[in-house]
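A closer look at the structure
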Amino acid sequence: QIQLVESGGGLVQPGGSLRLSCTASENINSLYIMGWYRQIPGKQRERVARISSGGSGGTMYLDSVKGRFAISRDNAKNTVYLQMNNLKPEDTAVYYCNALSPSGLESWGQGTQVTVSS
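This section reports on the structure supplied with the text. Just so we're clear, the structure is a prediction, and the values are computed from it rather than from any experiment.

Basis of the calculations
- Residues numbered from 1 in each chain as written.
- Predicted model: local features only at pLDDT ≥ 70, side-chain atom pairs only at ≥ 80, totals over all residues.
- Heavy atoms only, no water.
- Helix = DSSP H or I, 4+ residues; strand = E, 2+ residues; numbered from the N terminus.
- Contact = heavy atoms within 4.5 Å.
- Buried < 20%, exposed > 50% of the residue type's maximum accessible area, 1.4 Å probe, protein only.
- Pairing = 2+ DSSP bridges.

So, on to the side chain of Ser21. Following the sequence through the fold, Ser21 ends up in strand E3 (residues 18-24). Discounting chain neighbours no more than four positions away, the residues touching Ser21 are Val5, Glu6, Ser7, Trp36, Thr79, Val80 and Tyr81.

Structure representation (structure tokens):
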């Protein structure tokens, strides 16, 4: 497993923006599928966004965040980002970074809290 460290969470007002970062301890190149998940206490963890491996860097998003969130990766920096715009109170959660290796091994970060409140 690789180590993942998230940063960038915090408190923001509705309509505001945050950018989360996830830096890996190893070279993720373009081979790892990277994703962001979130979890609210008492609920299941849900996938928010994913960016595929390979040069195309295809993305997918949870319906409720489409048009507001954007996932991107910088393989040279071993870092994945989640740009979150027009945040809503229902986006409040702990956000986790996930890495899926070509062999199917999953790694998780420790999570970063995002709170959207006035």
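Don't stop here, the text continues.
Because side chains alternate across strand E11 (residues 112-116), one face comprises the buried residues Thr112, Val114 and Val116, and the other comprises Gln113 and Thr115, none of which is buried. In terms of strand pairing, strand E2 (residues 10-12) meets E11 through three bridges, oriented parallel. The partner of Gly10 across the bridge, within E11, is Val114. Here strand E9 (residues 93-100) pairs with E11 via three bridges, running antiparallel.

Interpretation in functional terms is not warranted from these geometric data alone.
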